[in-house]
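# Summary of the model geometry
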Amino acid sequence: MSNKVGAMSMKQETQRELKPKLRFPEFWEAGEWGSAFGNAIFDQISNKDHNSDLPVLAITQEHGAIPRNLINYHVSVAEKSIEVYKVVEAGEFIISLRSFQGGIEYSEYKGICSPAYVILRLKPGNLAHFFRHFLKTVRFIGQLNKNIEGLRDGKMVSYKQFSELRLPTPSLQEQQKITDCLSSLDELITAQTQKLDKLKIHKKGLMQQLFPAEGENLPRLRFTEFWEAGEWDKDDLGKVAFFVNERIALDHLPLANYVSTENILPDYEGLITASKLPSSGHATRFKINDILISNIRPYLKKVWYASKEGGASNDVIVVRAKEGIISQYLSFMLKNNAFIEYVMKGAKGVKMPRGDISLIKEYPFAYPSKTEQIRIADCLSSLDELITAQTQKLDKLKAHKKGLMQQLFPAQDEVSA
C-alpha cells in the first residue's frame, strides 16, 4: 500500500514539475505545460514535385537549412540526382545526419535537399519558431540520444524514432512570448557576429596594405611619419628568424602547454588549448614570443604568437625572431595571406601535405626599421584587442542564451514522464 502511495506521489511530483524554471509573470498561474508525441505535432513530408529549378539546400548545424551558394558550399550534384530531391518549404524542419549531435534544423528558405533527409512540417496549433529554438536545446539533444539507443554517427534519426519522443506544448501565448524573447537575443547575436566579421575583414584588408605585395619593396599603406623612410629591406626568412630545434621530454611538460597542429587557435584567442598529451616522446620547446606555424593540411593556415612556454608536436614549426626583427611584427608577417599561400603552394605529400622547410626558409621576408615594425605591430595588436573583446562579448551572449533556454524549457526527462 505504502509503495503504491509513494509511486503516486512521485508521479504527481513529476507532473507538478512539468514547468520551466523561468517563466514570464503572466504565466505564473497558468499551470503545467502539456506534451505530445512527435508525430502528433509534426507530419513527415516527402514532396518531390519540382522542376529542379529550386536552390539546393545545405543542411548545417550552424546555419540550419540554407542555399549552398550563400555559404560557399561547393558539392557537385548530378542533374539526374536532383530529380529525386525533396522540396523543403520555408518554415519546415529537417532531421539531418547529425541531429543526435546538434538537434533538428529549421529552414527559412524554400529549396530542395537530398532524399536521405527526413522533412517535418508542423501541424496547426503550434509556433514554428518556438520549436526552432526547442529542437536545438541541449536537453532535447540529450533526450534524442537517451531515447534512441545504439544511434551512431552515420545513421539517420527516423521519423518513427522522432515520433516516440514527447515534446512540450505550452499555450500559443506562452510559445509566442518565449519565441519573442529568444528571437530578440538571436538578432543581437547576429548583429554582434556581423560586427566581429567586419573587424576580421578590416584586419585582413589592413594587413594586405601594410605589407608589400609580392615583388614590391614598399607597402600600399604607410604611416605618415615613414613616408620618406625609403624602401624596406628583404631577406630570406631563414636569415631573419631562427627555426627552433630545441627538444624537451613530454613528461616535463604540463598538459596545457602541449601544442599540436589541431589545437593552434586563431590569433585573436591568445590561448593554448591542450590536446591529449602523448604518453611518451619529445616536443619542440618554444618560449614566449615565439611563433608557431602549423605544417600539415588541413591546418596550414594556423599561425600562433606564443603567450606562454611549452612544447610543440613535430607537425608544428617554431620560429624565433633574430636581432633587428620585432617578434610581434614577425608574427603578423607570418599570419599574412602572402606567407600562408607560399607555404601551401610548396606543400608536398598526397594524403597529408606538409610545408617544405627548406622552401619556407627561403621565403622573401620584407621588413622596415625597428621603429616602423613596432608601429605596424602596435596597430594590428590594437585591432586584435578589439577582436578579442568582441569575441568575448559574443561568447557571453551565446552563453546567456544557452542558460536562458535551459530555464525557459522544462527538463526533458520531465517531458518524457
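As a reminder, the structure under discussion sits directly above these lines.
Residues numbered from 1 in each chain as written. Predicted model: local features only at pLDDT ≥ 70, side-chain atom pairs only at ≥ 80, totals over all residues. Heavy atoms only, no water.

### What to know about the overall build of the protein chain
- Across its full length, the protein chain carries 14 helices and 20 strands.
- Counting the 417 residues in the protein chain, one finds 44% classified as buried.
- Within the protein chain, residue pairs in contact and separated by at least 24 positions form 74% of the contacts whose partners lie at least 6 positions apart.
- Per element, the accessible surface of the protein chain, about 22300 Å² overall, is 51% carbon and sulfur. (Helix = DSSP H or I, 4+ residues; strand = E, 2+ residues; numbered from the N terminus. Buried < 20%, exposed > 50% of the residue type's maximum accessible area, 1.4 Å probe, protein only. Contact = heavy atoms within 4.5 Å. Areas by Shrake-Rupley, 256 points an atom, 1.4 Å probe, with all protein chains shown as cover.)

### Details of the pairing of strand S19 (residues 316–321)
- Counted residue by residue, S19 has 5 buried out of 6 residues, so it is predominantly covered.
- One ladder, built from 3 bridges, connects strand S12 (residues 241–243) with S19; its direction is antiparallel. By the bridge assignment, Phe-243 is partnered in S19 with Val-319.
- The pairing of strand S16 (residues 291–294) with S19 spans 4 bridges and is antiparallel. Paired with Leu-292 across the bridge in S19 is Val-318. (Pairing = 2+ DSSP bridges.)

### Focus on the sheet that holds strand S17 (residues 303–305)
- Strand order in the open sheet made by the 4 strands is S12-S19-S16-S17, with antiparallel pairing throughout. Here the strands that pair on one side only, and so sit at the sheet edges, are S12 and S17. Put simply, the sheet's adjacent strands are angled 25° from each other on average, direction ignored.
- Most of the contacts of helix H10 (residues 327–335) go to S17, to which it runs at about 165°, and overall it touches S12, S16, S17 and S19. (Axes fitted to C-alpha atoms, helices over the stretch in contact; angles between N-to-C directions.)

### Remarks on the packing of H10 against helix H11 (residues 337–345)
- Running from N to C, H10 and H11 cross one another at 60°; their axes reach a closest spacing of 4 Å. Between H10 and H11, the crossing angle belongs to the class labelled oblique. On H11, the residues that touch Met-333, Leu-334 and Lys-335 of H10 are Asn-337, Phe-339 and Ile-340.
- Its residues assigned to classes, the contact of H10 with H11 shows 4 nonpolar, 1 polar and 1 charged. (Parallel < 35°, antiparallel > 145°, perpendicular 65-115°, else oblique. Nonpolar A, V, L, I, M, F, W, Y, C, P; charged D, E, K, R; others polar.)

### Focus: the nonpolar core
- Counting 76 residues, the largest nonpolar core has Phe-42, Phe-131, Phe-162, Leu-237 and Leu-330 as its most contacted members.
- With 11 residues, helix H13 (residues 370–408) is the largest single contributor of residues to this core.
- Residues within four places of Phe-131 in sequence aside, it is in contact with Ile-41, Phe-42, Phe-93, Leu-122, Asn-126, Leu-167, Pro-168 and Gln-175. (Core = buried A, V, L, I, M, F, W, Y, C linked by side-chain atoms within 4.5 Å.)

### Digging into the packing of aromatic side chains
- Under the defined criterion, the tally for this structure stands at 18 aromatic pairs.
- Ring-pair connections join several aromatic residues into one group, and the members of that group are Trp-33, Phe-42, Phe-93, Tyr-106, Phe-130, Phe-131, Phe-134, Phe-140, Phe-162 and Phe-409.
- The cationic tip of Arg-166 hangs over the ring face of Phe-37; the distance from NZ or CZ to the ring centre is 4.3 Å.
- Directly above the ring of Phe-243 sits Lys-361, whose terminal nitrogen or CZ lies 5.4 Å from the centroid. (Phe/Tyr/Trp six-rings, centres within 6.5 Å; stacked < 30°, edge-to-face > 60°. Lys NZ or Arg CZ within 6 Å of the ring centre and 35° of its normal.)

### Concerning unusual backbone geometry
- Look at Ser-52: it is not a glycine, yet its phi comes out positive at around 65°.
- Counting through the fold element by element, Ser-52 comes out in the loop between strand S2 (42–45) and strand S3 (57–60).
- The class of Ser-52 is partly exposed, set by a relative accessible area of 29%.
- The backbone of Asn-289 sits at a positive phi, close to 80°, despite the residue not being glycine.

### Comments concerning the packing of H10 against H13
- Where H10 meets H13, the closest approach of the two axes is 8 Å, and the angle between their N-to-C directions is 65°. With respect to each other, H10 and H13 are oriented roughly perpendicular. For the element pair H10 and H13, the recorded crossing hand is left-handed. On the side of H10, the interface is formed by Gln-328, Tyr-329 and Phe-332, while H13 contributes Gln-373, Ile-376, Ala-377, Leu-380, Ser-381 and Asp-384.
- Of the residues contributing to the contact of H10 with H13, the split by class is 5 nonpolar, 3 polar and 1 charged. (Left-handed = near helix turned anticlockwise from the far one by under 90°.)

### With respect to the pattern of salt bridges
- This model, assessed by the stated rule, comprises 16 salt bridges.
- The partner of Lys-203 in a salt bridge is Asp-384, and the shortest N-O contact between them spans 2.7 Å. Residue Lys-203 is found in helix H8 (residues 172–210), and its partner Asp-384 is found in helix H13; the two are separated by 181 residues along the sequence.
- Since its relative accessible area comes to 11%, Asp-384 is described here as buried.
- A network of salt bridges, in which partner residues are shared, links Arg-132, Asp-186 and Lys-401. (Salt bridge = Lys/Arg side-chain N within 4 Å of Asp/Glu carboxyl O.)

### A short note on the sheet that holds strand S9 (residues 118–122)
- Pairing is antiparallel in the open sheet, where 4 strands are placed in the order S2-S9-S6-S7. Edge positions in the sheet fall to S2 and strand S7 (105–106), since each has one partner strand and no second.
- Sheet topology note: the strand S6 (residues 93–95)/S7 ladder contains 2 bridges and is antiparallel. If you follow Phe-93 over to S7, its bridge partner there is Tyr-106.

Coordinates in, geometry out; function isn't part of it.
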